[in-house]
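Observations on the three-dimensional arrangement
Given next are the chains, with one letter for each unit.
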Amino acid sequence: MEAIFNFKAFRRWLPATVIFLMLAGASIMPAGADVSAAMIRGQIKLDMPGGNGGAQVVVTSLERGFSTRTFSRADGSYVLMALKPGRYQLNILAPDGRQARQELTLQVGQVAVVDVALDAKQGNESVADNAAAGNSAELATYLTPEQMQRLPQVNRNFLNYADLAPGVNVVTDQNGSTRLQSGGQRPDSVNLFIDGVSQKNYVVRGGVAGQDSSRGNVFPESAVAEYKVISQNYKAEFDQVGAAAISVQTKTGGNQFHGEVFYDHTNQDLRAVTPAEQLGGGKSDTEQAQYGVTLSGPIAKDVAHFFMAYERKLNDDYATVAAGDHSALPAQYQALLGNVNRPFEEDLFFGKLDWALNDDNLIEVSFKLRDESEMLGIGGQNAQPYALEKGNSEKRLDFKYQYSAEHWVNEARFTYEDAGWRQFPASQGPGILLRRLEGSLSGGDLSNLGILNTGGTTNYQDKGQSGPGFQDDLTFSGLQWYGEHVFKLGGKLKQIELGAVERDPYHPQFSFNLNNPGGSPYQVRWATPLAGVGDGSASTDLTQVGLYLQDDWAVTGHLSLNLGARWDYEYNPGYLNFVTPADVSAALRGWNNLGNAGYRIEDYISNGANRAADSNNIAPRLGFAYDLNQDRRHVLFGGFARAYDRNIYDVLQLERTKGSYPSYSVNFQGDPNYNCVAGVDCIPWDPGYINYTPAQLSALTGASAGSSREINLMRNNLRTPYSDQFSIGLRNRFGDWNTELAVSHVHSYDGLVGLLGGRNADGSFYAAGSGFGGTFQAVPGYGQLILFDNGVQTKTNSVFLKAEKPYSKDSGWGLTFAYTFTDSEENKSQSFVDSSSYLFEHPNTHTLGWLDTAGVRKHKLVATGTVDLPWDLIFSTKLTLATPETRAGVNCTGAACRFDTFTPRGSDFIFPGQWWGYKQVDIALIKSFDAPYDTRMKLRFDVLNLFDFKNYSAFNSDFASANLGSPLTTLAGPGLTLKLTARLEF
């Protein structure tokens, strides 16, 4: 694709082009089955002797000119399917020539009900209000173009608006990485669908491809038309999701040429000082710039159109390298101290072509490209040469062919994806670890103080997914049996190659004692591939199959049912065909300590033929909506859904990679503080060793893998994680206001967890009385044994309350309120070892019991408002209030240590008391003015965290401390931050 679009060249001249176009605009510039698709259904009353059938119903896109048509049936019912969200004109032509006409706007995945009555005598028309409460069973929130254009934010990540949906949280890490979390489940359970195509991350975490740990955006915001957040009760079309599903509709070109360019900027002068900076003595330099261009228009009017969007993001964040006790630090290292830049760069591109061959045949082709890089691991003792470079890339191609008949529509898609996540040492060469040793190794009083790390760092990872997919969706609308049915069936087949490489340390790491007058290192640590076992890499060709049936059944004018089921199957030969190495199998079978371990080691030893793929993943999706007065203004709704997710390859691959790239260490003689005993692991130092490769170091010392070879094994009958979801609610419309109250229960099962398999001689997990401080028993001759099994569960009860007065141009204002109460428990605490995959403090999840889910806030309120002001001004605001999130840790204040939870200290806001753990008020002001030649300029001023509230993400977790729950210096959200934006529309 580089020949088509060269980003490296393009981004050099784009900033100048953006500024030029803005200036020029003021002076010389000339003037369906897709889960995001919408549907219109309703009744036509003709008042004719022959009945209500035969009326032609035509809906025409006001942007693109495309038309879809059908005829009313004998009872007057009609259905128009596979419509893109947007503005339409609906035309009804009766057999006797009478007509009805109405404009309407369709939202993502909406089923709009439009009833039409034509008076036979007068010939006038009456079109029902389709904007009423709606008869969907989904727990869903629509994010409109007006909200995305008006509401305040800084980083142009369209997912930031998802927290306007009750039960959905936007989680921002300390480094600015953003993820979505729904209820008590982890971000891995979320899925994103763009134009009906899943963006699932199969290898690394975050739920969505590219969102494991990234300060970037998953998709250009300027290419998003609107989207919908479905918290629960999604239909059978949605797959690989156990929590919230996000359905996005992208923009499409129309019959008029449009474009825009934008530039926005913020830096250290436009933000408040952070608590960490206050302790460090002053504010660090930071800068963020984003710019881009959007173009769209016709290729042939009413026939073919194009759309393209490009966005670039640049962050310059600075970290301080401050060596501990840097007195007498050698001169060549002094220059590495001080502020160091940690740059981040991202390019996003999206392009789409559509072509209506005729009224029945439509082709769409789209391409997405994401490319980002950043520098990690700098600051504190880590100097700039010791940094990690991280790359995040994604390419996606989507080809869709749609055929529309009178009562059925077929959509066939071919997709290709290539997503990669990589981090590697920024410097090539050995790592230099400067330490200050006090005392003596032989005397048993050795202390080790880290001073500075430089040279080549340790960690190398390269993980990704790539491959084609095909999906087909067939929708019928001409079915009647005890009401009207829209029946849908579809399937998906994907062949995806998954790959993972983990090598640590990638470069040899030499440790130097600054108190050693000889200046030679006292130790080196390195890693190499294990002959006959592996080299720290794994790959597999994954096959995914998905089938579903869905019936949207309008039983009566009051009752609608959504009845569906889907079946998903995944064949992963990397897991199924794995053979446990013979030496490992023998060692485990011969270890007498496992005789009374509480599990069977044979359940984890694989011979390559004793594993089977989980084929029982049948997920019913059942929903109902009951229109109390048959006017769609008061609708009782609810349902049950089972939703299967998937096991992440980043965990499954550990069976192959861990232990195949073991690390070794050798001590060197000559350090007075580190006086090792001569032997294989203690040899004389030679200055030439500093340039030795890992293979040369292994040959020199004759070291063996031994205790450095960690054993990771998966259970032989792993199951697929899933959740059962129940909800019931009432949706209302009072005048211009839409309200919704719902109660939800979600129970998730079979999450993967890594457990320690080692046992004492009597089969016990810890020695008697040792508690969490006991010694883990390694496999004789090897390292630790880690066993992965399905065992993680969460139980979440929620109350959702939503109220909205949508913005309209006529009223000039809009308000939204979203309140969530969440009571969540889990049987795997967020351990201090690893917050995602491991539980090392208990033999299994059953012995831990149920604890409050870490990271969940009991109460959360998000409110927004926008209003049109005089002089072409637009004002908007967003308020976020939440109680402190639950935290977990080890409580040793009693007779024995145990896992426990605590609630950090809150603060007041308006009302006195420690209510709030998160509070933020954002505002935005937009000024628009006409420029020459039919162009329009917009200047925008965003202020995040207007009152500079300190929202902390780290707290004192010492249960014995009087300051338990008191905040540390790390913030969970931005401090007071201002951003300036200029935009030119033409």
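One can find the structure itself at the top, above this paragraph.
Residues numbered from 1 in each chain as written. Predicted model: local features only at pLDDT ≥ 70, side-chain atom pairs only at ≥ 80, totals over all residues. Heavy atoms only, no water.

**Observations concerning the sheet that holds strand S25 (residues 447-455)**
Taking strand neighbours across the sheet as the criterion, the 6 strands line up as S25-S24-S28-S29-S34-S35 in an open arrangement whose pairing is mixed. Edge positions in the open sheet fall to S25 and strand S35 (682-683), since each of these has one partner strand only. Summarising the sheet, strand S28 (residues 509-513) and strand S29 (residues 521-527) pair through 4 bridges and their orientation is antiparallel. The residue of S29 that forms the bridge with Gln 509 is Arg 525. Here helix H9 (residues 694-701) sits on the sheet and contacts S29, strand S34 (663-668) and S35; the angle it forms with S29, its principal contact strand, is near 115°. (Pairing = 2+ DSSP bridges. Helix = DSSP H or I, 4+ residues; strand = E, 2+ residues; numbered from the N terminus. Contact = heavy atoms within 4.5 Å. Axes fitted to C-alpha atoms, helices over the stretch in contact; angles between N-to-C directions.)

**Things to note about the sheet that holds strand S5 (residues 86-93)**
Sheet architecture is open: 4 strands sit in the order S3-S2-S5-S6, paired in antiparallel fashion. The sheet is open, and its two edges are formed by strand S3 (67-71) and strand S6 (99-106), each paired on a single side. Between one strand and the next, the sheet's axes are offset by a mean angle of 20°, whatever the strand orientation. Bridge analysis of strand S2 (residues 56-61) against S5 gives 6 bridges, and the strand direction is antiparallel. Bridge pairing in S5 places Val 57 opposite Ile 92.

**Concerning the packing of aromatic side chains**
Summed over all chains, the structure comprises 29 aromatic pairs. Ring centres of Tyr 234 and Phe 238 lie 6.1 Å apart, and the angle between their planes is 50°; this geometry places the pair in the tilted category. In terms of burial, Tyr 234 and Phe 238 fall into one category: buried. Linked through ring pairs, Phe 510, Phe 668, Trp 685, Tyr 689 and Tyr 692 together constitute an aromatic cluster. A cation over an aromatic ring shows up here: Arg 150 above the ring of Tyr 807, its NZ or CZ 3.8 Å from the ring centre. (Phe/Tyr/Trp six-rings, centres within 6.5 Å; stacked < 30°, edge-to-face > 60°. Buried < 20%, exposed > 50% of the residue type's maximum accessible area, 1.4 Å probe, protein only. Lys NZ or Arg CZ within 6 Å of the ring centre and 35° of its normal.)

**Digging into the side chain of Lys 352**
Locating Lys 352 in the fold gives a position in strand S20 (residues 338-356). On the accessibility criterion, Lys 352 (4% relative accessible area) is buried. A polar side-chain atom of Lys 352 sits 2.7 Å from a polar atom in the side chain of Thr 250. Not counting the four nearest positions on each side in its chain, Lys 352 is found in contact with Lys 84, Asp 195, Gln 249, Thr 250, Lys 251, Thr 252, His 305, Phe 306, Phe 307, Val 365 and Ser 366. (Polar contact = N/O pair within 3.5 Å; in protein donor to acceptor, adjacent residues only side chain to side chain.)

**Comments concerning the pairing of strand S1 (residues 38-45)**
Counting buried residues in S1 gives 6 out of 8 residues, a clear majority hidden from the surface. Inspection of the sheet shows S1 paired to strand S4 (residues 77-83) by 5 bridges, in the antiparallel sense. Looking at the pairing, Gln 43 lines up with Ser 77 of S4. Pairing geometry for S1 and strand S7 (residues 111-113), over 3 bridges, is parallel. By the bridge assignment, Arg 41 is partnered in S7 with Val 113.

**As for the side chain of Glu 826**
Positionally, Glu 826 belongs in strand S40 (residues 813-826). Judged by its relative accessible area of 3%, Glu 826 is buried. Polar contacts involving the side chain of Glu 826 include one to the side chain of Arg 186, which spans 2.7 Å. Leave out the neighbours within four places in its chain, and Glu 826 touches Arg 186, Gln 793, Thr 794, Gly 849, Trp 850, Leu 851, Asp 852, Thr 853 and Ala 854.

**Considering the pattern of salt bridges**
Evaluation of the coordinates by the stated rule reveals 62 salt bridges. Arg 98 serves as the salt-bridge partner of Asp 96, at 2.9 Å between the closest nitrogen and oxygen. For Arg 98, a relative accessible area of 10% gives the class buried. Glu 374 serves as the salt-bridge partner of Arg 215, at 3.0 Å between the closest nitrogen and oxygen. (Salt bridge = Lys/Arg side-chain N within 4 Å of Asp/Glu carboxyl O.)

**Digging into the pairing of S20**
Bridge count for strand S19 (residues 304-321) against S20 is 18 bridges, and the pairing is antiparallel. In the sheet register, Met 308 faces S20, and the bridge partner there is Gly 351. Where S20 and strand S21 (residues 361-376) come together, 13 bridges link them in antiparallel fashion. Across the sheet, Trp 355 pairs through a bridge with Ile 363, a residue of S21. Two successive antiparallel strands, S20 and S21, enclose a turn made up of 4 residues.

**Some words on the state of the cysteines**
Overall, the coordinates contain 1 disulfide when judged by the stated rule. The disulfide partner of Cys 676 is Cys 682, and the S-S distance across this bridge is 1.8 Å. Around the S-S axis, the bridge from Cys 676 to Cys 682 shows a dihedral of about 60° and counts as right-handed. Comparing Cys 676 with Cys 682, the two get one shared label, buried. (Disulfide = S-S within 2.5 Å.)

**Some points on helix H6 (residues 582-589)**
Where H6 is concerned, the buried positions are Val 584, Ser 585, Ala 587 and Leu 588. Mapping the buried residues of H6 onto a view down its axis gives an arc of 165°, with all of them on the same face. In H6, the exposed residues that point more than 90 degrees away from the buried face are Ala 582 and Arg 589. The inward-facing, buried residues of H6 abut strand S36 (711-714) and strand S39 (785-805). (Arc of directions from axis to C-beta.)

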